[in-house]
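Chain by chain, the residues run as shown.
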Amino acid sequence: MSPSRPASRLATYFHVHLVSDSTGETLNAMAKAVVARFDGVIPIEHIYALVRSSKQMERVLQEVEGAPGVVLHTLVDRDLREQLEEGCRRLNIPQIGALDPLVGALSGYLGANISTRVGAQHALDHGYFARIGALDFAIAHDDGQGSTEQLEQADVVLCGVSRTSKTPTCIYLAHRGIRAANVPLVPGQEDGERLTQLKNPLVVGLLVSPDRLVQIRRNRLEGLNAHHASSYIDHDAVREETIKARRAFERRGWPTIDVTRRSVEETAAAIVNLLSERRAGRVRTI
């Protein structure tokens, strides 16, 4: 008699109300990070951004009453916070100020007053325009565009075979104010030799397993309704392509990142670490 298998656990759904007086990006990211710690839990998100008046808060509380759950907020305005807290107490619904523990701890450590300026992190300051400039740079220097002299202005240049997430990683880095460009390795063409002339940017090689690469490329072709067979998805050809890329990176001493099981966010974080280590005088392979 075969052993019985444990019954699979059904997913738990719950309502989560995200209330922000700004764009809500910080709150949304925090909620996703926390929920990811729980298996089999699926949030039904209700997002309320740019809540800056008592009338808007009344509508939020009506929505919360209609779909009871958990309320997370990043409200700065004291009156709006009190209105939300009082409304949640009346409805017997938990509410959490997502940034309160961090803000309180930093305030105590720094001995500084807490700003009540709404959307302070989105000010049109130097950092904002640096991010816009980095985004323009990433778009203008995507997929090998731009001369070697132009690439010299980059903070980092990503190099890798087709479908190693070079473009989305550059765009993600740009949102952090990092000027990133990318150059593809194309079979039968130069293998990134011109990048050896660069003095300012950090050149990073992106690696991926052949099996994973074939899968990604096949999905790409299916999405384009291009079903013809080619070396682009031939296992032997792809394996040779990835081996040549690895050897080219090793020959030039470039740090590498294996993106086989990494998300774009994880790859970008690894690149940020490499840039920090380069400034500290040490770079390693990930």
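Residues numbered from 1 in each chain as written. Predicted model: local features only at pLDDT ≥ 70, side-chain atom pairs only at ≥ 80, totals over all residues. Heavy atoms only, no water.

### Here we look at a nonpolar patch on the surface
Then, number 1: A surface patch of nonpolar side chains, amounting to about 280 Å² of accessible area, comprises Y13, I42 and I44.
Then, number 2: By secondary structure assignment, the location of Y13 is in strand β1 (residues 12-19).
Then, number 3: Overall, Y13 belongs to the exposed group, its relative accessible area being 55%. (Patch = residues over 30% accessible without salt bridge, like charges linked within 9 Å, V, L, I, M, F, W, Y side chains within 5 Å. Areas by Shrake-Rupley, 256 points an atom, 1.4 Å probe, with all protein chains shown as cover. Salt bridge = Lys/Arg side-chain N within 4 Å of Asp/Glu carboxyl O. Helix = DSSP H or I, 4+ residues; strand = E, 2+ residues; numbered from the N terminus. Buried < 20%, exposed > 50% of the residue type's maximum accessible area, 1.4 Å probe, protein only.)

### Comments concerning the packing of helix α7 (residues 166-174) against helix α10 (residues 264-279)
Then, number 1: Look at α7 against α10: their axes get within 9 Å of each other, and the N-to-C directions meet at 60°. Crossing hand, α7 versus α10: right-handed. Every residue of α10 that contacts α7 at P168, T169, Y172 and L173 is listed here: V264, E265, T267, A268, I271 and V272. (Axes fitted to C-alpha atoms, helices over the stretch in contact; angles between N-to-C directions. Left-handed = near helix turned anticlockwise from the far one by under 90°. Contact = heavy atoms within 4.5 Å.)

### Some thoughts on the side chain of T169
Then, number 1: In this fold, T169 is placed in helix α7.
Then, number 2: Apart from the residues within four sequence positions on either side, T169 is in contact with L158, V264, T267, A268 and I271.

### Brief notes about the environment of E250
Then, number 1: In this fold, E250 is placed in helix α9 (residues 235-252).
Then, number 2: Judged by its relative accessible area of 57%, E250 falls in the exposed class.

### Digging into the sheet that holds strand β3 (residues 70-73)
Then, number 1: Taken together, the four strands give an open sheet; going across it, the order is β2-β1-β3-β4, and neighbouring strands pair in parallel fashion. Single-partner strands in this sheet number two, and they are β2 (41-48) and β4 (95-97). Between one strand axis and the next, the sheet turns through 25° on average, direction left out of account.
Then, number 2: Against the sheet, helix α2 (residues 54-66) makes contact with β1, β2 and β3, and its axis sits at roughly 175° relative to β1, the strand it touches most.
Then, number 3: Docked against the sheet, helix α3 (residues 78-91) engages β3 and β4, running at close to 170° with respect to β3. (Pairing = 2+ DSSP bridges.)

### Digging into the packing of aromatic side chains
Then, number 1: Applying the stated rule across the entire model yields two aromatic pairs.
Then, number 2: Measuring from ring centre to ring centre gives 5.2 Å for Y128 and F129, while their planes differ by 85°; the resulting arrangement is edge-to-face.
Then, number 3: Here Y128 falls in the partly exposed class, since its relative accessible area comes to 29%.
Then, number 4: Overall, the relative accessible area of 52% leaves F129 in the exposed class.
Then, number 5: Arranged with centres 6.0 Å apart and planes meeting at 40°, the rings of F249 and W254 form a pair that is tilted.
Then, number 6: With a relative accessible area of 11%, W254 lands in the buried category. (Phe/Tyr/Trp six-rings, centres within 6.5 Å; stacked < 30°, edge-to-face > 60°.)

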